[in-house]
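An overview of the molecular structure
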Amino acid sequence: MNKYMILVVEDDPSVKSLITTTLQMHDYRYITASGGNAAIMQTTSHRPDIILLDLGLPDMDGVDVIKKVRTWSNVPIIVISARSEDTDKIDALDAGADDYLTKPFSVEELLARLRVTQRRLAIMQNEN
Ligand code: CA
């Protein structure tokens with residue numbers, strides 16, 4: 001059983017279902033949010049281990065979600081966005097994102113990025 005809990009923030013139902021199906025098949029636990037405010041609330045109440053974050057959300061920009069979460073949490077944030085301009089990536093990374101995946105993405109790449117993040121988490125936990 002995979003012990004990691006992933007918060008999936010995505011308003012597009014087909015992308016959300018692709019991600020959650022992938023997580024389910026690989027024994028991750030997950031919760032979802034379709035907007036920025038819900039994402040912040042879920043992060044507060046459920047303390048996910050990793051956040052997968054879309055930038056184009058109906059109620060606020062994903063970059064602002066990163067900034068808000070970073071005021072009190074170091075949870076790893078992997079951005080998954082259709083925005084492929086360098087400036088968008090730089091804005092998200094500067095705001096505190098740990099990694100950036102451009103849509104369309106492959107499921108295998110998503111899983112590999114999650115494994116990288118888990119290794120980092122494991123190292124951090126061992127250092128504490
Ligand atoms: Ca979106």
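A short tour of the structure in this document, coming up. A quick note: this is a predicted structure, and the numbers were derived from the prediction, not measured. (Residues numbered from 1 in each chain as written. Predicted model: local features only at pLDDT ≥ 70, side-chain atom pairs only at ≥ 80, totals over all residues. Heavy atoms only, no water.)

As a further point, take the sheet that holds strand S1 (residues 5–9). The strand order S2-S1-S3-S4-S5 describes an open sheet built from five strands, whose pairing is parallel. Looking along the sheet, the strands with just one partner apiece sit at the ends: strand S2 (29–33) and strand S5 (99–102). The average undirected angle you get between the axes of adjacent strands in this sheet is 20 degrees. In terms of strand pairing, S1 meets strand S3 (residues 50–53) through four bridges, oriented parallel. Counterpart to Leu 7 in the pairing with S3 is Ile 51. On top of the sheet, helix H3 (residues 62–70) reaches S3 and strand S4 (77–81); it is set at about 175 degrees to S4, its chief contact. Against the sheet, helix H5 (residues 107–127) makes contact with S1, S3, S4 and S5, and its axis sits at roughly 145 degrees relative to S3, the strand it touches most. (Pairing = 2+ DSSP bridges. Helix = DSSP H or I, 4+ residues; strand = E, 2+ residues; numbered from the N terminus. Axes fitted to C-alpha atoms, helices over the stretch in contact; angles between N-to-C directions. Contact = heavy atoms within 4.5 Å.)

Distances from the calcium ion to its protein donors, Asp 11 (OD), Asp 54 (OD) and Gly 56 (O), fall at 2.2 to 2.4 Å. Spacing between the donor residues of the calcium ion along their common chain follows D-x42-D-x1-G. With Asp 11 in the loop between S1 and helix H1 (13–25) and Asp 54 in the loop between S3 and H3, the pair connects residues that are 43 residues apart, well separated along the chain. (Donors = N, O, S within 2.8 Å, 3.2 Å for Na, K, Ca; no water.)

So, about the pattern of salt bridges. Overall, the coordinates contain six salt bridges when judged by the stated rule. Arg 83 is paired through a salt bridge with Asp 61; the nearest N and O atoms lie 3.1 Å apart. Remark: Asp 61 occurs in the loop between S3 and H3 and Arg 83 occurs in the loop between S4 and helix H4 (86–95); sequence separation between them is 22 residues. By relative accessible area, Arg 83 is classed as partly exposed at 27%. Looking at Asp 61, the relative accessible area reads 27%, which means it is partly exposed. Here Arg 70 makes a salt bridge to Asp 98, at a shortest N to O gap of 3.0 Å. On the criterion of sequence distance, the pair formed by Arg 70 in helix H3 and Asp 98 in the loop between H4 and S5 is long-range, its members being 28 residues apart. The exposure class of Arg 70 is partly exposed, given its relative accessible area of 22%. Classification of Asp 98 by relative accessible area gives partly exposed; the value is 34%. (Salt bridge = Lys/Arg side-chain N within 4 Å of Asp/Glu carboxyl O. Buried < 20%, exposed > 50% of the residue type's maximum accessible area, 1.4 Å probe, protein only.)

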